[in-house]
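Listed below are the residues making up each chain.
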Amino acid sequence: MKSKLKSNMIEFKILISPMAGNQRTGYHCITAAILLIFMFFAACQSHTEHNHADDIYTCPMHPEVIKNEPGSCPICHMDLVKKEVSTDSVKVSAHVEDLLNATNATVISSIKTVKATPAIKQFTRQANGIITYDTRQSYSIPARFGGRIEKLLIRFNFQSVKKGDKIIEIYSPELVTAQKELLFLTRSDRDNKNLIEAAKQKLMLLGVSATQVNQIVQSGEVNYTFPVYSPYSGYVVEPEPDKAMATSKAAIGGGMNPAPVAAATPPSAGTEVTLREGMYVAKGQTLFQVVNTENLWAEFDIYTDNAVGISQGDPVEINLRNGETLNATVDFIQPFYQKGGNFKKVRVYLKNADKQFQIGQLVTAEFPLEAEESLWLPRTAVYDLGLRKIVFTKVEDGVFKPLVVETGKTANSQVELLTDLGTETEFAYNAQFLIDGESFIKPEMSVSTNEQ
């Protein structure tokens, strides 16, 4: 500052030296020079005060300590140093502004792009399936009275029976007592119709038919074994273990010691049944199950994306392994997903009176889908997040924005785009290449949505 003042004074002396001849003119020049000097000092003082007011001092070790004047750090007591503040402004262009957005808002990349193309695609959906039982044709034969097995006519699982065939004979103390009560009333109190009818009703509730009750009254003799008949036609199998009931003393009655009840096991074709003659069964215990195979199911597991467009009542062509084909319709679509699988189960009901199908037989089905015009994208342009489908739309050169879309059918390497984005929108050809696991999968609300 002193050097600048000295230089200015020298220039002032040189300026007024030629004017010494004219005293009045010199006086005015001196006055003007003094005013200039005072204005110069005022400007310098104002500039100095402004700079001091804008100065910022901070601690080299603790940058969070900031003051407007020199001093010491209250934490480590070091001298504060002046912080240089840059006054240069950074100009943010549109391209740099995209970089400043959240990492899951836009992507900078020079990847190949593609547009959605309208097309009419006619195709069929193929699926593999299996022939299985119609669970509506599976029946249980329970023991309506407890007792000991005297005669067993079912020797192995999947033995064929017809309706009315005898399958087992059981000695039941409870039935013996009920018969004796009926015969005693018919002999000793023949006129007491109410008691006689009550005794007959008791036997019929225990599973004795009306014909058998009349035979007992006419013969006057007690039957010590009673047969159990199959009320259905089909194949006899033993029930699962949790469906077999344990035997109790009360169920067997008569003060007899209970024998071990046969443990039912999951049946295998051709294996012997676990029930044996001499074993005891309890009232209500499931003796056998009868499965009728005149009606069967063909069940097909179809992935969710491929099941789009398949509805109940749609035609289906079933291809058998021997080259034969069968035209049928979709009868049922399972309305929920099974645990551990991401597919829908489609069911077709089949008539099997002529034994054309076998349980466990593998079949293939073709589901024709209706042809309609829609927008299609390459499968690589759509990224599947499970419940959401993501595409990357081009915002400008090299800048892509993730977008949630709704997709439909899949044909070969093409995916139907149900979200209307027009035919001019450009998409990243390979969405997998732009996906960052941390940026795009974890955040739930960070991706723009445009679902219909």
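Just so it is clear, the model here is predicted, and its values are computed rather than measured.

When helices and strands are counted, the chain shows 10 helices and 29 strands. Split into buried and exposed, the 452 residues of the chain put 35% on the buried side. Partitioning the intrachain contacts of the chain with sequence separation of at least 6 by distance along the chain shows that 72% fall at a separation of at least 24. When the accessible surface of the chain is totalled, it reaches about 27500 Å², and 53% of it is carbon and sulfur.

Okay, the pattern of salt bridges next. Note that side chains of opposite charge can pair when their charged atoms are close. Counted by the stated rule, this structure contains 12 salt bridges. The salt bridge partner of K115 is E424, with a shortest N-O separation of 3.3 Å. Here K115 is found in strand β5 (residues 113-115), whereas its partner E424 is found in the loop between β27 (414-417) and β28 (426-428), with 309 residues between them in sequence. For K115, a relative accessible area of 35% translates into the label partly exposed. We classify E424 as exposed; its relative accessible area is 60%.

It is worth spelling out the state of the cysteines at this point. If you walk through the whole model with that rule in mind, you get 0 disulfides. Not engaged in a disulfide, the cysteine C73 finds its nearest cysteine sulfur in C59; these two sulfurs lie 3.6 Å apart. For the unlinked cysteine C76, the closest cysteine sulfur is that of C59, found at 3.6 Å. Judged by its relative accessible area of 27%, C76 falls in the partly exposed class.

Formed by 34 residues in total, the largest nonpolar core has its most connected members in I167, I168 and F288. Those elements giving two or more residues to this core turn out to be β9 (147-152), β11 (166-171), α4 (173-188), α5 (193-205), α6 (210-219), β12 (226-229) and β15 (286-291). Here F288 is in contact with Y139, S140, I141, L152, I154, I167, V236, V237, E238, P239, V273 and L275, once residues within four sequence places are set aside. I302, V330, V346 and A365 belong to the second largest nonpolar core, which has 24 residues in total.

Okay, α4 next. Its 16 residues give α4 an end-to-end C-alpha distance of 22 Å, which sits within 8% of 22 Å, the value for a rise of 1.5 Å per residue. Taken as a whole, α4 has its buried residues at P173, L175, V176, A178, Q179, L182, L183, L185 and T186.

A few words now on the sheet that holds strand β20 (residues 343-351). Read from one edge to the other, the open sheet built from 7 strands follows the order β18-β17-β21-β7-β16-β20-β19, with strand pairing classed as antiparallel. If you trace the sheet from one side to the other, it starts and ends with β18 (325-329) and β19 (332-333), each paired once.

Before going further, it helps to examine the pairing of strand β13 (residues 234-237). Where strand β10 (residues 159-161) lies against β13, 3 bridges are found, and the strand directions are antiparallel. Bridging across to β13, S160 finds its partner in Y235. Across 3 bridges, β13 lies against β15 in antiparallel orientation. Pairing of Y235 across the sheet is with V291, part of β15.

In this section: α5. For α5, built from 13 residues, the straight-helix expectation of 18 Å at 1.5 Å per residue is met to within 8% by its first-to-last C-alpha distance of 18 Å. What α5 keeps buried is the set I196, A199, K200 and L203. Along the axis of α5, the buried residues cluster in a sector spanning 95°; they form a single face. For α5, exposure combined with an orientation more than 90 degrees from the buried face picks out N194 and L205. Buried residues along α5 sit against α4 and α6. In the segment just after α5, G207 is the residue with positive phi, at about 110°.

Turning next to the side chain of E416. As for its placement among the helices and strands, E416 is situated in strand β27. Exposure remark for E416: the relative accessible area of 4% places this residue in the buried category. Of note is the side chain of E416, whose polar atom sits 3.1 Å from the side chain of S374. Excluding anything up to four places from it in sequence, E416 contacts E372, S374, L375, W376, E406, T407, G408 and K409.

Caution applies to low-pLDDT parts of the model: their predicted coordinates are not meant to be read in detail. Across the chain, pLDDT averages 75, with 71% of residues at or above 70. Confidence over residues 1-22 falls short of pLDDT 50; this stretch has 10 contacts with residues more than four positions distant or in other chains. This stretch, residues 441-452, has a pLDDT under 50; its non-local contacts, to residues over four places away or in other chains, come to 32 contacts.

What follows concerns the packing of α4 against α6. For any two helices packed against each other, one specifies the crossing angle of their axes together with the interaxial distance. Interaxial distance between α4 and α6 falls to 10 Å at its minimum, and their mutual angle equals 50°. The pairing of α4 with α6 is recorded here as oblique in orientation. Crossing handedness for the pair α4 and α6: right-handed. Contacts from Q179, L182, L183 and T186 in α4 reach V213, I216 and V217 in α6. A breakdown of the residues in the contact of α4 with α6 according to their chemical character gives 5 nonpolar, 2 polar and no charged.

So, on to the sheet that holds strand β22 (residues 373-378). The strand order β6-β22-β27-β26 describes an open sheet built from 4 strands, whose pairing is antiparallel. Where the open sheet ends on each side, the last strands, each with one partner, are β6 (117-120) and β26 (407-411). When the angles between neighbouring strand axes are averaged without regard to direction, this sheet yields 45°. Bridge count between β26 and β27: 3 bridges; the pairing is antiparallel. Counted as the bridge partner of T407 is L417 from β27.

We now examine the packing of α5 against α6. Relative orientation of the contacting elements α5 and α6 amounts to 135°, with a least axis distance of 9 Å. With respect to their mutual orientation, α5 and α6 come out oblique. Helix-helix and strand crossings are classified by hand; for α5 and α6 the assignment is right-handed. Residues K200, L203 and M204 of α5 pack against A210, V213, N214 and V217 of α6.

Thresholds applied
- Residues numbered from 1 in each chain as written.
- Predicted model: local features only at pLDDT ≥ 70, side-chain atom pairs only at ≥ 80, totals over all residues.
- Heavy atoms only, no water.
- Helix = DSSP H or I, 4+ residues; strand = E, 2+ residues; numbered from the N terminus.
- Buried < 20%, exposed > 50% of the residue type's maximum accessible area, 1.4 Å probe, protein only.
- Contact = heavy atoms within 4.5 Å.
- Areas by Shrake-Rupley, 256 points an atom, 1.4 Å probe, with all protein chains shown as cover.
- Salt bridge = Lys/Arg side-chain N within 4 Å of Asp/Glu carboxyl O.
- Disulfide = S-S within 2.5 Å.
- Core = buried A, V, L, I, M, F, W, Y, C linked by side-chain atoms within 4.5 Å.
- Expected span 1.5 Å × (residues − 1).
- Pairing = 2+ DSSP bridges.
- Arc of directions from axis to C-beta.
- Polar contact = N/O pair within 3.5 Å; in protein donor to acceptor, adjacent residues only side chain to side chain.
- pLDDT = per-residue confidence, 0-100.
- Axes fitted to C-alpha atoms, helices over the stretch in contact; angles between N-to-C directions.
- Parallel < 35°, antiparallel > 145°, perpendicular 65-115°, else oblique.
- Left-handed = near helix turned anticlockwise from the far one by under 90°.
- Nonpolar A, V, L, I, M, F, W, Y, C, P; charged D, E, K, R; others polar.

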